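Coordinates in review
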Amino acid sequence: MMNKKSKLIGLILTFAVIGCDLDVNNPNSLLEDDLKDPSAASAVANGAWNAALRGVSYMMMPYTVAGDESVWIGSRDAWRQIDKGGMTNEYNEFVDQAWPYISEARWMADEAVTRLGEFNTAGTLPDVQDLVLAHITAAMVRIYIADFFDDFVYSNKTVSGTPIGAANMHELYDQAMSLLTTAESIADASNKVKVLALKARVAHAEGIWGKLNPSVNTSSPYVSAGATEAAAAAALMSADYKWKMNFSASTVSNYMSGQINSRQEMDLLYNAAVGNGDTFPNDPVTGVADTRMQAEFDLFKNTANGTDYAPITIVSLREMHLIIAESKLAGGDNAGCLAELNAIRAFDGLAAYASSQDAAAAFKHERRANLFIQGRRLADMYRFGESSVVWDPVEQSAAGSFFPITIQEIRANPNINQ
């Protein structure tokens, strides 16, 4: 629950002044009523976007270290618990730490959708693409929340929300799809490709959710959803298109990047100093460590512009091909699946899969290699029946477990019974 209205208004103002051109003498003296001015629309939209980047990055670190993409190498036992596969502790300090940031991101995105929608209806919105950005932000936050949490709650300032419920978390994907459908009709070319790509992500992610709830279906793990939306998005994408969250000293930092590159509480994959972690998988065709994962590893570890600002890919043309490939695989079209995978491999000049290649094995590898540290891996591990060498049966939660509503919300929200 968000206990202080003033805290949230302060946050929206802090984020709003980043990258905006409001003509005010002192942005820090703005009041909530100032955000009702249509000239603040761009600031509100950008403020919500930056809040979303911060909230997602705070959740990306526990999600990533819970799977096989990152390994705990530091000193904090709460990170160790997640690294070992322990997902369900509402007292875990680092998930609890992330809770207000992802919650604020959801609230601020919805606030932006409401305020800018009112301006648009009144005919006073200076740029309708700010409203598109607000819808994209609200949809994106919902996707990550549904991907990362087993339950969640929408509170509104001092008004406590009711838990959505584990069985109902798929509704967040439906909400995201509705937001994106509204945005699609008014999006310009640059934003339309993002909207369509996120629609593919939503449809596919909801399909994955169905493979994990109410129990994990490893016998039929493949999803046939999102292919139509992925094809529509791919048709508008440039070669090897990637849309990324970009962090900087003038906007917001990437918490995951800070934990890995600066604080060094975690590392990506195997860490030689502690002799622990999952190693780079070998490419099925070349037989050597996958170069795509190495490239992403190197990009994340490139600290020339600061240790806390590594980018995070949101969606890509590679993922669109993967969604289409999986739909073909689910339908028994192994040749069609391999053709999509070979289109991805061509981006890096890698040798193609032969027609005799095991399509399922190739697909699983390509998904792992091309979606590295993008917040997809743990769900894939569950549905494909894969594990991390770090997982400990004593600490490990049941397959299909994600993060719970955390203790600070439980204590503050009278609608939650612990």
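Relevant structure appears above.
Residues numbered from 1 in each chain as written. Predicted model: local features only at pLDDT ≥ 70, side-chain atom pairs only at ≥ 80, totals over all residues. Heavy atoms only, no water.

**What to know about the packing of aromatic side chains**
The test is simple: Side-chain rings of Phe, Tyr and Trp (the six-membered ring for Trp) are treated as a pair once their centres are within 6.5 Å; stacked means planes under 30 degrees apart, edge-to-face means over 60, and tilted covers the remaining angles. Comment: elements are numbered from the N terminus, with helices defined as DSSP H or I runs of at least four residues and strands as E runs of at least two. Per-residue accessibility, obtained with a 1.4 Å probe over protein chains only, is compared with the maximum for each type, and a residue is labelled buried under 20%, exposed over 50%, and partly exposed between these values.
Going through the model one piece at a time under the given rule, you end up with 17 aromatic pairs. Seen in terms of ring centroids, Tyr63 and Phe402 are 6.4 Å apart; in terms of plane orientation they differ by 5 degrees. Their pairing is stacked. Note that Tyr63 is positioned in helix α2 (residues 41–66) and Phe402 in the loop between α14 (377–384) and α15 (407–412), a separation of 339 residues in sequence. Residue Tyr63 shares its accessibility class with Phe402, and that shared class is buried.

**A look at helix α10 (residues 291–301)**
Rule in force here: Along the arc lie the directions from the helix axis toward the C-beta atoms. Whenever two N or O atoms come within 3.5 Å, that pair is a polar contact, provided that in protein one can donate a hydrogen and the other can accept it, and provided that, for residues adjacent in sequence, both atoms are side-chain atoms.
Listing the buried residues of α10 in full gives Arg292, Met293, Glu296, Phe297 and Phe300. On an axial view of α10, the arc spanned by its buried residues comes to 140 degrees, and they lie on one face. By the N-cap criterion, in which a side-chain oxygen at the helix start approaches the backbone nitrogen of a residue two or three places on, α10 is capped by Asp290, the distance to Arg292 being 2.8 Å.

**A look at the side chain of Thr137**
Filter applied, for reference: Two residues qualify as a contact provided that any one of their heavy atoms is within 4.5 Å of a heavy atom in the partner residue.
With respect to the helices and strands, Thr137 occurs in helix α5 (residues 128–148). On the basis of relative accessibility, which here comes to 0%, the residue Thr137 falls in the buried class. With near-sequence residues (within four places) excluded, Thr137 lies in contact with Ala48, Trp49, Ala52 and Ala109.

**Details of the pairing of strand β2 (residues 242–245)**
Threshold: Strands are treated as partners if at least two bridges between them are detected by DSSP.
Alternating residues of β2 divide into Trp243 and Met245, all buried, and Lys242 and Lys244, none buried. In terms of strand pairing, β2 meets strand β4 (residues 312–316) through 4 bridges, oriented antiparallel. Paired with Lys244 across the strands is Thr313, a residue of β4.

**What about helix α13 (residues 359–370)?**
This is how it is decided: To estimate the expected span of a helix, subtract one from its residue number and multiply by 1.5 Å.
When the terminal C-alpha atoms of α13 are compared, their 16 Å separation across 12 residues agrees well with the 16 Å that a helix rising 1.5 Å per residue should span. With 10 of its 12 residues buried, α13 lies for the most part within the structure. For α13, the full list of buried residues reads Ala359, Ala360, Ala362, Phe363, His365, Glu366, Arg367, Arg368, Ala369 and Asn370. Tucked inside the fold, the buried residues of α13 contact α7 (189–212), α10, α11 (317–330), α12 (334–346) and α14. Between the side-chain oxygen of the N-cap and the backbone nitrogen of Ala360 there are 3.0 Å, and the N-cap of α13 in question is Asp358.

**Let's talk about the pattern of salt bridges**
As a reminder of what qualifies: By convention in these notes, a salt bridge is any Lys or Arg side-chain nitrogen within 4 Å of a carboxyl oxygen on Asp or Glu.
Enumeration over the complete set of coordinates arrives at 25 salt bridges. Put simply, Arg318 and Asp240 hold a salt bridge, and the shortest N to O gap is 2.8 Å. Of the two residues, Arg318 is situated in helix α11 and Asp240 in the loop between α8 (227–234) and β2; the sequence distance between them amounts to 78 residues. Judged by its relative accessible area of 5%, Arg318 falls in the buried class. With a closest N to O distance of 2.8 Å, Arg318 and Asp348 form a salt bridge. A residue pair is termed long-range when its members are at least 10 positions apart, and Arg318 in helix α11 and Asp348 in the loop between α12 and α13 qualify at 30 residues. Each of Asp283, Asp290, Arg292, Arg345 and Glu366 takes part in a single network of salt bridges with overlapping partners.

**So, the nonpolar core**
Definition in use: The set of buried Ala, Val, Leu, Ile, Met, Phe, Trp, Tyr and Cys residues whose side-chain atoms join them within 4.5 Å is what this entry labels a nonpolar core.
Of all hydrophobic cores here, the largest spans 117 residues; its most connected members are Trp79, Met140, Phe149, Leu198, Met245, Ile314 and Met320. Looking at this core, the element that brings in the most residues is α2, giving 16 residues. Setting aside chain neighbours within four positions, we find Met140 in contact with Trp49, Ala52, Leu53, Leu198, Met245 and Ile314. Counting 15 residues, the second largest nonpolar core, distinct from the first, contains Tyr222, Leu329, Phe363 and Leu371.

**Focus: empty space enclosed by the protein**
Left-over empty space is what a probe sized like a water molecule reveals as it rolls over the atoms. Definition in use: Both site types are read off a 1 Å grid over the protein atoms alone. A 1.4 Å probe that fits but cannot get out defines a cavity, while an open set with protein on both sides within 12 Å along at least five of seven lines defines a pocket; lining residues have an atom within 4 Å of a point. Grid points are joined across faces, edges and corners, and a volume is the space filled by probe spheres set on the points. Under the convention adopted here, Pro, Cys and the residues Ala, Val, Leu, Ile, Met, Phe, Trp and Tyr are nonpolar, Asp, Glu, Lys and Arg are charged, and Gly plus all remaining residues are polar.
Counted according to the given criterion, the structure contains 2 cavities of 30 Å³ or more. Here the largest cavity defines a volume of roughly 180 Å³. In terms of lining residues, the largest cavity is bounded by 19 residues, among which Ala146, Asp147, Tyr173, Ala379 and Phe402 are the most central. When the residues that make up the lining of the largest cavity are grouped by side-chain class, the tally is 12 nonpolar, 2 polar and 5 charged. One number sums up the size of the second largest cavity: a volume of about 70 Å³. Forming the walls of the second largest cavity are Lys244, Glu296, Leu299, Phe300, Pro311, Ile312, Thr313, Ile373 and Gln374. Counting residues per element, the ones that place at least two in the lining of the second largest cavity are α10 and β4. The biggest single contributor to the lining of the second largest cavity is α10, with 3 residues. Of the residues contributing to the lining of the second largest cavity, the split by class is 5 nonpolar, 2 polar and 2 charged.

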